[in-house]
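Topology and contacts: notes
Here is what each chain is made of, one letter per residue.
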Amino acid sequence: MNPHGTMRTTTEPQQELLDLTQHEIQALRATFNLGDAHTHQRQSASQHRIVGRLPELWYEAEEGLQATFEQKFTEAFFRLHRQPTALAKNKTLLSYAASISTMVVGMYLKRRRMAVTLVEPCFDNLYDVLANMDVPLYPLDEAALHDPDRIYSELKRRVRTDALFLVDPNNPTGFSLLQHGRKGFEEVVRFCKDHHKLLVIDFCFASFTLFDPELARFDIYELLESSGVSYLAIEDTGKTWPVQDAKAAMVTASDDIREDIYNLHTSVLLNVSPFVLNMLTQYVEDSAADQLASVREVLTANRDAVRKALDGTILEYQEPVAKVSVAWARIDHPELTATELQRLLSAEQVYVLPGRYFFWSQPGKGESHVRLALAREPELFADAMVRMREVLDRYGR
């Protein structure tokens, strides 16, 4: 929209967008927004019943103690995620967005004057938050984690910083160390312990590893705690449940840095809304009861629609390790870039994210990929795939 309230036409010059979030803001105006990975699908039948109870949940929160709703939420969340050690330790700090938890991590890194090796590709918000806090950042090619027998030696060769920052499952690729069972995480932890590195892991997409027969999310916090490694772990609800961005995020710290993290956290915020926590607890428990079926079925349908729409085109769907809520696709054309393809699709009201921003240290490497968000109502998503296929067919193979 321009200041006079009319829609921007495709012929108007657009200001250069600096990051993925700015692209996602533009995508919110498109008929087919496949930009942000937030949840935009409709409620399942059981989730409809939760919405019908919102007045009741409101008044429960109004009458109860903040600590009660915090405890109920964290207990439900870590039970769903099968993390009994995190549940038993009871030291997780809550915030209202993963970016806030990341800011707390960044504040700690800056205060300790730590340099960070950050996985690439990844969502550029992680890079931006840390860079804006003047934390020195160096890339780690995700491929260094693909062979479990070489993880330790690859990290030893590549990581020269004070901290290692990973995303698991990774956004946008869907890669997860869980592909290697326990060994992948064990090798990462062993390296960080042996070489006195702070390990930071973003688990915001971890729910998509649950109830998957091909993956098994073991008690990762038990591994972290028993190893004695210094660590920070970020969790989030925002990519899982269709709750109109009413979400909660968490950060958990190893005991050696726990007090420092707590003091930084309290400098940022007091608490998350008890009403939001009460509501989210109902969604978490609902997913525990149906084994995340309401979430997984939407993503499965849309993932199948992507495969079908891209089959035989210049855009090749990349199979992920974890069935995350985004699709990563490679452009197989000598001249077409992700930036140009994104422009062509957005002119047809289909908004995807160009890959260059995910490669935060070498944007040019990302010009061969685009990312599509899958957490959408399947009928709308199917229409978007028809429109996308029409654009891709202009290029043949």
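In what follows, the structure referred to is the one given above.
To keep things clear, this report deals only with the structure shown in the data block. (Residues numbered from 1 in each chain as written. Predicted model: local features only at pLDDT ≥ 70, side-chain atom pairs only at ≥ 80, totals over all residues. Heavy atoms only, no water.)

**Description of the state of the cysteines**
Under the counting rule described, the total for this entry stands at zero disulfides. Cysteine 204 forms no disulfide, and the closest cysteine sulfur to it belongs to cysteine 122, at a distance of 12 Å. Residue classification places cysteine 204 among the buried residues on the basis of a relative accessible area of 6%. (Disulfide = S-S within 2.5 Å. Buried < 20%, exposed > 50% of the residue type's maximum accessible area, 1.4 Å probe, protein only.)

**Looking at unusual backbone geometry**
Geometrically, the link from glutamate 120 to proline 121 is a cis peptide bond, its omega value of 5 degrees lying close to zero. Counting through the fold element by element, proline 121 comes out in the loop between β3 (116–120) and α7 (124–132). Proline 169 follows aspartate 168 through a cis peptide bond whose omega is -5 degrees. Mapped onto the elements, proline 169 comes out in the loop between β5 (163–167) and α9 (183–194). The residue arginine 82 is not glycine, and still its phi comes out positive at about 60 degrees. With a phi close to 50 degrees, asparagine 90 is a non-glycine residue in the positive phi region. (Helix = DSSP H or I, 4+ residues; strand = E, 2+ residues; numbered from the N terminus.)

**Some words on the sheet that holds strand β9 (residues 315–318)**
If you walk across this open sheet you meet the four strands as β9-β10-β13-β12, and the pairing is antiparallel. One side of each edge strand has no neighbouring strand; the edge strands of this open sheet are β9 and β12 (353–354). Direction of pairing for β9 relative to strand β10 (residues 326–331): antiparallel, over a ladder of four bridges. Across the sheet, leucine 315 pairs through a bridge with isoleucine 331, a residue of β10. (Pairing = 2+ DSSP bridges.)

**Observations regarding the pattern of salt bridges**
Taken as a whole, this structure holds 23 salt bridges when the rule is applied. Among the ionic pairs, arginine 330 bridges to glutamate 316, the shortest N-O distance being 2.8 Å. Taken together, the positions of arginine 330 in strand β10 and glutamate 316 in strand β9 put the pair 14 residues apart, joining distant regions of the chain. (Salt bridge = Lys/Arg side-chain N within 4 Å of Asp/Glu carboxyl O.)

**Let's talk about the packing of aromatic side chains**
Per the counting criterion, the structure on display carries 13 aromatic pairs. Between phenylalanine 203 and tyrosine 221, the aromatic rings sit 6.4 Å apart at their centres with planes inclined by 55 degrees, giving tilted as the arrangement. Of the two residues, phenylalanine 203 is situated in the loop between β6 (198–202) and α10 (220–227) and tyrosine 221 in helix α10; the sequence distance between them amounts to 18 residues. Phenylalanine 203 sits in the buried class, given a relative accessible area of 1%. Centre to centre, the rings of tyrosine 221 and tyrosine 231 are 6.4 Å apart; their planes meet at 70 degrees, and the pair counts as edge-to-face. One end of the pair, tyrosine 221, is in helix α10; the other, tyrosine 231, is in strand β7 (residues 231–236), with ten residues separating them in the sequence. Accessibility classification places tyrosine 221 together with tyrosine 231 in one group, the buried group. Among the aromatic residues, those joined into a cluster by ring pairs are Phe73, Phe77, Phe78, Phe185, Phe203, Phe218, Tyr221 and Tyr231. The cationic tip of arginine 190 hangs over the ring face of tyrosine 152; the distance from NZ or CZ to the ring centre is 4.0 Å. In this arrangement the basic side chain of arginine 217 is found over the ring face of phenylalanine 203, its NZ or CZ atom lying 4.8 Å from the centre. (Phe/Tyr/Trp six-rings, centres within 6.5 Å; stacked < 30°, edge-to-face > 60°. Lys NZ or Arg CZ within 6 Å of the ring centre and 35° of its normal.)

**Examining the sheet that holds β3**
Read across the sheet, seven strands follow the order β2-β8-β7-β6-β5-β3-β4 without closing on themselves; strand pairing throughout is mixed. This sheet does not close on itself; its edge strands, each paired only once, are β2 (93–95) and β4 (137–141). Within this sheet the neighbouring strands show an average axis-to-axis angle of 20 degrees, counted without direction. Across four bridges, β6 lies against β7 in parallel orientation. Residue pairing for β7: valine 200 is matched across the bridge by leucine 232. (Axes fitted to C-alpha atoms, helices over the stretch in contact; angles between N-to-C directions.)

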